[in-house]
Amino acid sequence: AQTVTQSQPEMSVQEAETVTLSCTYDTSESDYYLFWYKQPPSRQMILVIRQEAYKQQNATENRFSVNFQKAAKSFSLKISDSQLGDAAMYFCAYRSPSRKTSGSRLTFGEGTQLTVNP
Amino acid sequence: DAGITQSPRYKITETGRQVTLMCHQTWSHSYMFWYRQDLGHGLRLIYYSAAADITDKGEVPDGYVVSRSKTENFPLTLESATRSQTSVYFCASSLAGGPGNEQFFGPGTRLTVL
């Protein structure tokens, strides 16, 4: 079974600075998807960025980028020019390519609470 | 309103009572999912459904029942609520089951079992 680990329960960053959130995962599959979700105090789960394992190029979405190291099974999220609105819980998630795996369910890490200081 | 909605948003109940959490989506997505969120565990899959009348267990199904008579609705029932089922419950849907299909989440239901 796949597992996802986020080793940083809490992180903080100064406004306008850069922060990196860590995520590691364990799988025996060679093709899969990885995601970062943001959960603000409203509880709404918001997709931040996704990475397809067969693509070597790291995904980027505006100020958000990932460092995907497939051999090391590492998937970190970098937030540049941090803004107050980035304060939230961030979840790393894995999704199997197989529909047989619970309909391609998402397996989540424990989350990292990010605080942005003004 | 379009999208995925959950009701109620907050619910307090007592041990042993039956509780049903509702989930409704307007996109005609085939797949729907129920997750629970607990501190230290992230979100864990309870049940999922690939289409109307097709449901299957996820990672933590014990104590829960689901049904899906219509594509747009996917209710989750706690037949006899226990304190360990105090949690935040999220419903999600996706167009299809492939991994590239984004899962869209509802706003969540905070359930407290006394």
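Here the structure is a predicted model, which is why all the values come from computation and not from measurement. (Residues numbered from 1 in each chain as written. Chains lettered and ligands numbered in written order. Predicted model: local features only at pLDDT ≥ 70, side-chain atom pairs only at ≥ 80, totals over all residues. Heavy atoms only, no water.)

Draft legend 1. Quick peek at the overall build of chain B. In terms of regular secondary structure, chain B is built from zero helices and 11 strands. Taken from N to C terminus, the helices and strands of chain B fall in the order β-β-β-β-β-β-β-β-β-β-β. Computed over C-alpha atoms, the radius of gyration of chain B comes to 13 Å, within 12% of the 13 Å expected from 2.2 N^0.38 for 114 residues, which places it in the range of a compact globule. Viewed in the frame of its principal axes, chain B has a C-alpha envelope of about 40 × 25 × 25 Å. Counting every position in chain B, which comprises 114 residues, the buried fraction comes to 50%. Put simply, of all contacts in chain B between residues at least 6 apart along the chain, 55% involve residues at least 24 apart. (Helix = DSSP H or I, 4+ residues; strand = E, 2+ residues; numbered from the N terminus. Rg over C-alpha atoms; globule rule 2.2 N^0.38 Å. Buried < 20%, exposed > 50% of the residue type's maximum accessible area, 1.4 Å probe, protein only. Contact = heavy atoms within 4.5 Å.)

Draft legend 2. View of the overall build of chain A. Counting its regular elements, chain A contains zero helices and 12 strands. Reading chain A from its N end, one meets helices and strands in the order β-β-β-β-β-β-β-β-β-β-β-β. The C-alpha radius of gyration computed for chain A amounts to 14 Å, which stays within 12% of the reference 13 Å derived for 118 residues, consistent with globular compactness. Principal-axis analysis of the C-alpha atoms places the extent of chain A at approximately 45 × 30 × 20 Å. For chain A, the residues scored as buried account for 50% of the 118 residues in total. Taking the contacts inside chain A whose residues are at least 6 apart along the sequence as the reference set, 56% of them involve residues at least 24 apart. As displayed, chain A offers around 5,600 Å² of accessible surface, 45% of which is attributable to carbon and sulfur atoms. Once the 12 positive and 11 negative side-chain charges of chain A are each reduced to a mean point, those two points are 10 Å apart. (Areas by Shrake-Rupley, 256 points an atom, 1.4 Å probe, with all protein chains shown as cover. Lys, Arg positive; Asp, Glu negative; His and termini not counted. Charge placed at Lys NZ, Arg CZ, Asp CG, Glu CD.)

Draft legend 3. Fine view of unusual backbone geometry. Omega for the bond connecting Ser7 of chain B with Pro8 of chain B falls within 30 degrees of zero, at -10°, which places this linkage in the cis form. Considering the arrangement of structural elements, one finds Pro8 of chain B in the loop between strand S1 (4-7) and strand S2 (10-13). Of note, Arg43 of chain A is a non-glycine position whose phi angle comes to about 80°, a positive value. Relative to the helices and strands, Arg43 of chain A resides in the loop between strand S5 (33-39) and strand S6 (46-52). Given the relative accessible area of 8%, Arg43 of chain A is considered buried. Residue Asp81 of chain A is not a glycine yet carries a positive backbone phi of 50°. Inspection of the secondary structure puts Asp81 of chain A in the loop between strand S9 (74-79) and strand S10 (88-95).

Draft legend 4. View of the interface of chain B and chain A. The partner chain A presents 23 residues to the 32 residues of chain B that form the contact. Together chain B and chain A conceal approximately 2,100 Å² of surface at their shared face, both sides included; 50% is due to carbon and sulfur atoms. Connecting chain B to chain A are one salt bridge. When contributions to the side of chain B that touches chain A are tallied by element, the ones reaching two or more residues are strand S4 (31-38), strand S5 (42-51), strand S9 (87-94) and strand S11 (109-113) of chain B. Among the residues forming the side of chain B that touches chain A, the class breakdown is 13 nonpolar, 14 polar and five charged. (Buried area = accessible area lost by both parts, 1.4 Å probe. Salt bridge = Lys/Arg side-chain N within 4 Å of Asp/Glu carboxyl O. Nonpolar A, V, L, I, M, F, W, Y, C, P; charged D, E, K, R; others polar.)

Draft legend 5. Quick look at the packing of aromatic side chains. Tallied over the entire structure, the rule returns 19 aromatic pairs over all chains. Considering the side-chain rings of Phe108 of chain A and Phe105 of chain B, the 6.3 Å spacing of their centres and the 75° angle between planes classify their relative orientation as edge-to-face. Here the residue Phe108 of chain A occupies a position in strand S11 (residues 106-108), and Phe105 of chain B occupies one in strand S10 (residues 104-105), the pair thus bridging two chains. On the accessibility criterion, Phe108 of chain A (6% relative accessible area) is buried. A relative accessible area of 5% means that Phe105 of chain B is categorised as buried. One aromatic cluster is present, built from ring pairs that chain together Tyr33, Phe35, Tyr37, Phe91 and Phe108 of chain A together with Tyr31, Phe33, Tyr35, Tyr48, Phe90 and Phe105 of chain B. (Phe/Tyr/Trp six-rings, centres within 6.5 Å; stacked < 30°, edge-to-face > 60°.)

Draft legend 6. A look at the state of the cysteines. Residues and elements named next belong to chain B. Scanning all chains against the criterion turns up two disulfides over all chains. Cys23 shares a disulfide with Cys91; S-S distance 1.9 Å. Residues Cys23 and Cys91 share a disulfide whose torsion about the S-S bond is about -75°; that sign makes it left-handed. Taken as a pair, Cys23 in strand S3 (residues 19-25) and Cys91 in strand S9 lie far apart in primary sequence, 68 residues in all. (Disulfide = S-S within 2.5 Å.)

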